[in-house]
Amino acid sequence: MSAPAGRALVTGAGGFIGHHLVASLKKRGFWVRGVDLKHPEYSDSHADEFLVADLRQAESCRAATAGIDDVYALAADMGGMGFIANNHSIILHNNALINLHTIEAARVNGVKRLLYTSSACVYPEFKQTEANVSPLREEDAYPAMPQDAYGWEKLITERLCYHYREDYGLDTRVVRFHNIFGPLGSWDGGREKAPAALCRKVARAKLSGEHEIEIWGDGEQTRSFCYIDDCVEGLYRLMQSGFQEPLNLGQDRLISINDLARIVARIAGIEVKLRHVPGPMGVRGRNSDNTLLRKVLGWEPAISLEDGLSITYGWIEEQVRGQLSGGAAGKSA
Ligand code: NAD
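Quantities reported herein were computed from a predicted structural model and do not represent experimental measurements.

Trainee: Tell me what's going on with the overall build of the protein, and back it up with residues and numbers.
Mentor: From N to C terminus, the protein includes 10 helices and 13 strands. For 333 residues, the compact-globule formula gives about 20 Å, and the C-alpha radius of gyration of the protein, at 19 Å, lands near that figure. Overall, the C-alpha framework of the protein stretches about 55 × 45 × 40 Å when taken along its three principal axes. Out of the 333 residues belonging to the protein, those deemed buried represent 55%. Contacts in the protein between residues far apart in sequence, at least 24 positions, make up 78% of those at least 6 positions apart.

Right, here's the structure in full:
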């Protein structure tokens, strides 16, 4: 048997992106440890070792980072707009503890590289007031004025990475995700994000025969969406690169939530009426400027929204069918 490509830790390995990342690192030949409060919900982890632990505790972080070369720091208490807009203090408290202890443990244990997963939510609200927004470049994060506590905490941890690099020589990476979606992520229960929520609503509309779905706000708010396979490819490429500054990772195709719902309905093969109801909308418009991404990685996400949504919708429709028939759809490998 050949030696592993390296020893990687994925924090948040029980979550959506972490679970997919573990699978892709295994395919690349890494020995992988996953850590999370919980095992993945919909599919068994591919990790060589999986620790169930609370990373708000310093000792859990030390155990998780022991003997590790590369840390992919994904663990976070987070969710879609509904969760982010209603849980500011919990988000700030829990994520600050996770990140402070994870990076310190990485330093103490002599980890070689640490990649931190930040968010497009760091960008200032005043740059995102129009649906037809200018794509956000990395330097737009300053002067800082994120909309929510979630974005402020991400920005502080970006600074933490910078200072650990400056003060201790820890080799850090910072990625800013723009709305990652795909199968095996939250799709119900309050933490799901717009693509998964729309797939669930459309699937329920299709299966019930009542072809009307609710959209929060007027639905003209815009975003860009990136499929999970492109996301994990980008994470690996960024870790391998020597690039230490924050980098966007997302698609740069801007689309309104109304149009996103229409694409999902087309995939489901039905026509839906959109009923607009009050609800958290986040910023009015947000898009990724991928100029730096292309320059640094020589690559950018390429999987089309339609292709990614087809796979995601198929998986969520299966979950909804399972729910309606009274059972869970079950884990898949
Ligand atoms: P997720 O909620 O599916 O995964 C996060 C995981 O962290 C969960 O499994 C959760 O149990 C775990 N976690 C929370 N608190 C913990 C604790 N105290 N100890 C151990 N584990 C804990 O989210 P995701 O979509 O996979 O996101 C992964 C990372 O990417 C997060 O840091 C998130 O903020 C960031 N991000 C995601 C998106 C996106 O579109 N999904 C966008 C921007 C940033």
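Trainee: For unusual backbone geometry, give the residues involved together with the corresponding values.
Mentor: Omega for the peptide link from Y142 to P143 comes to 0 degrees, which places this bond in the cis form. For N179, which is not a glycine, the phi torsion comes out positive at approximately 45 degrees. Take N179: it is sitting in the loop between β6 (171-177) and β7 (180-181). For N179, a relative accessible area of 23% puts it in the partly exposed group. Of note in this structure, L184 is not a glycine but carries a positive phi near 70 degrees. Within the element layout of this structure, L184 appears in the loop between β7 and α6 (194-208).

Trainee: Give me the lowdown on the packing of aromatic side chains, citing residues and values where you can.
Mentor: In total, this model carries four aromatic pairs according to the counting rule given. Between Y42 and W315, the ring centres sit 4.9 Å apart and the planes meet at 80 degrees, which makes this aromatic pair edge-to-face. Of the two residues, Y42 sits in the loop between β2 (31-36) and β3 (49-52) while W315 sits in helix α10 (residues 305-324), which places them 273 residues apart along the sequence. Residue W315 is classed as buried on the basis of its relative accessible area, which comes to 10%. Across from the ring centre of W31, 3.9 Å away, lies the NZ or CZ of R7, which sits over that ring. The ring of Y168 has R107 lying over it, and the distance from NZ or CZ to the ring centre is 4.5 Å.

Trainee: Lay out the site of the ligand with the relevant residues and their values.
Mentor: The ligand sits among 27 residues. The nearest are F16, I17, D36, Y150 and I180. Within the backbone of I17, an N or O atom sits 2.8 Å from an oxygen atom of the ligand. Isolated, the ligand exposes 820 Å² of accessible area, and the fraction of that covered by the protein chains is 93%. Elements represented by at least two residues in the shell around the ligand include exactly α1 (16-27), β5 (113-119) and α5 (149-168). The element contributing the most residues to the shell around the ligand is β5, with three residues. Residues that form the shell around the ligand fall into these classes: 13 nonpolar, seven polar and seven charged.

About the cut-offs
- Residues numbered from 1 in each chain as written.
- Predicted model: local features only at pLDDT ≥ 70, side-chain atom pairs only at ≥ 80, totals over all residues.
- Heavy atoms only, no water.
- Helix = DSSP H or I, 4+ residues; strand = E, 2+ residues; numbered from the N terminus.
- Rg over C-alpha atoms; globule rule 2.2 N^0.38 Å.
- Buried < 20%, exposed > 50% of the residue type's maximum accessible area, 1.4 Å probe, protein only.
- Contact = heavy atoms within 4.5 Å.
- Phe/Tyr/Trp six-rings, centres within 6.5 Å; stacked < 30°, edge-to-face > 60°.
- Lys NZ or Arg CZ within 6 Å of the ring centre and 35° of its normal.
- Near = heavy atom within 4 Å.
- Polar contact = N/O pair within 3.5 Å; in protein donor to acceptor, adjacent residues only side chain to side chain.
- Areas by Shrake-Rupley, 256 points an atom, 1.4 Å probe, with all protein chains shown as cover.
- Nonpolar A, V, L, I, M, F, W, Y, C, P; charged D, E, K, R; others polar.

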